[in-house]
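Understanding the architecture of this molecule
Here is what each chain is made of, one letter per residue.
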Amino acid sequence: QVQLVESGGGLVQPGGSLRLSCAASGFTLDYYAIGWFRQAPGKEREGVSCISSSDGSTYYADSVKGRFTISRDNAKNTVYLQMDSLKPEDTAVYYCATVRVCDYCSGYGCYEPFGSWGQGTQVTVSS
């Protein structure tokens, strides 16, 4: 079965850190650009970051630049999102997806995700 499974979310205080994982099964992640997205209650899903398949180039939304780091470990068939200096406005369900476009984008309509969405992982930043 071809799927991406997100994990690593949780409750963290402002200023804290979390590392999210996006594990692929049923296919090899190496050949795909991968994007991280998030959806807060009452809002549309927005692009957060992506990493290309070709040269590992990375891109970030303006709201997370300098705080989040995306990386991939092809040997483990996994993409990560290291989130530091977390803010309450980062609270959302986070999803990963294969994407057709990996380039600078900020806001909605980024990266052209395709395939099925996973269940996501909840990130809550609160004191």
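Residues numbered from 1 in each chain as written. Predicted model: local features only at pLDDT ≥ 70, side-chain atom pairs only at ≥ 80, totals over all residues. Heavy atoms only, no water.

**Some remarks on the environment of Arg100**
Applicable threshold: Numbered from the N terminus, helices here are DSSP runs of H or I no shorter than four residues, and strands are runs of E no shorter than two. Each residue gets one of three labels from its accessible area relative to the maximum for its type: buried under 20%, exposed over 50%, partly exposed in between, using a 1.4 Å probe on protein chains only. Contacts: residue pairs with any heavy atoms within 4.5 Å of one another.
As for its position among the elements, Arg100 is in the loop between strand E9 (92-99) and strand E10 (113-114). The exposure class of Arg100 is exposed, given its relative accessible area of 57%. Between the C-alpha atom of Arg100 and that of Glu112, which follows or precedes it by 12 residues, the distance is 5.3 Å. In this view, Arg100 contacts Tyr111, Glu112, Pro113 and Phe114; residues no more than four positions away in its chain are not counted.

**Observations regarding the nonpolar core**
Our working definition: Only buried residues count toward a nonpolar core. Its members are Ala, Val, Leu, Ile, Met, Phe, Trp, Tyr and Cys residues joined through side-chain atoms within 4.5 Å.
Membership of the largest hydrophobic core comes to 27 residues, with the highest contact counts inside it found for Trp36, Phe68, Val79, Leu81, Met83 and Tyr94. For this core, the elements supplying multiple residues, two or more each, are strand E3 (18-25), strand E4 (33-39), strand E5 (46-51), strand E7 (68-73), strand E8 (78-83), E9 and strand E11 (121-125). Here this core gets 4 residues from one element, more than from any other, and that element is E3. One finds Cys50, Ala97, Val99 and Tyr111 within the second-largest nonpolar core, a separate group that totals 9 residues.

**Things to note about the sheet that holds strand E1 (residues 3-7)**
Operational definition: Between any two strands, at least two bridges found by DSSP are needed for them to pair. A fitted line through C-alpha atoms represents every axis, and for helices the fit uses only the stretch in contact; the resulting angles, taken between N-to-C directions, go from 0 to 180 degrees.
Pairing is antiparallel across the open sheet formed by 4 strands, whose spatial order is E1-E3-E8-E7. Taken across any chain shown, the strands that pair with only one partner, and hence form the sheet edges, are E1 and E7. For this sheet the average axis-to-axis angle between neighbouring strands, irrespective of direction, equals 15 degrees.

**Details of the pairing of E9**
Taken across its 8 residues, E9 has 8 buried, putting it largely inside the fold. Note that E4 and E9 share 7 bridges and pair antiparallel. By the bridge assignment for E9, Arg38 is matched with Tyr94. Alignment of E9 against E11, held across 3 bridges, turns out to be antiparallel. By the bridge assignment, Ala92 is partnered in E11 with Val123. Pairing geometry for E9 and E10, over 2 bridges, is antiparallel. Bridged to Thr98 within E10 is Phe114.

**Quick word on unusual backbone geometry**
With the exception of glycine, the majority of residues adopt a negative phi angle, and the majority of peptide bonds are in the trans configuration. A positive phi angle, near 55 degrees, is found at Asn77, a position not held by glycine. Inspection of the secondary structure assignment puts Asn77 in the loop between E7 and E8.

**Looking at the pattern of salt bridges**
Oppositely charged side chains can pair when the atoms bearing their charge come close. This is how the line gets drawn: Salt bridges, as used here, are contacts in which a Lys or Arg side-chain nitrogen is within 4 Å of a carboxyl oxygen on Asp or Glu.
Applying the stated criterion across every chain, the model contains 4 salt bridges. Between Asp90 and Arg38 there is a salt bridge; the shortest N-O distance is 2.9 Å. Residue Asp90 is located in the loop between E8 and E9, and its partner Arg38 is located in strand E4; the two are separated by 52 residues in the primary sequence. Among the residues examined, Asp90 registers a relative accessible area of 0% and is labelled buried. Through salt bridges with shared partners, a single network forms among Arg38, Glu46, Arg67 and Asp90.

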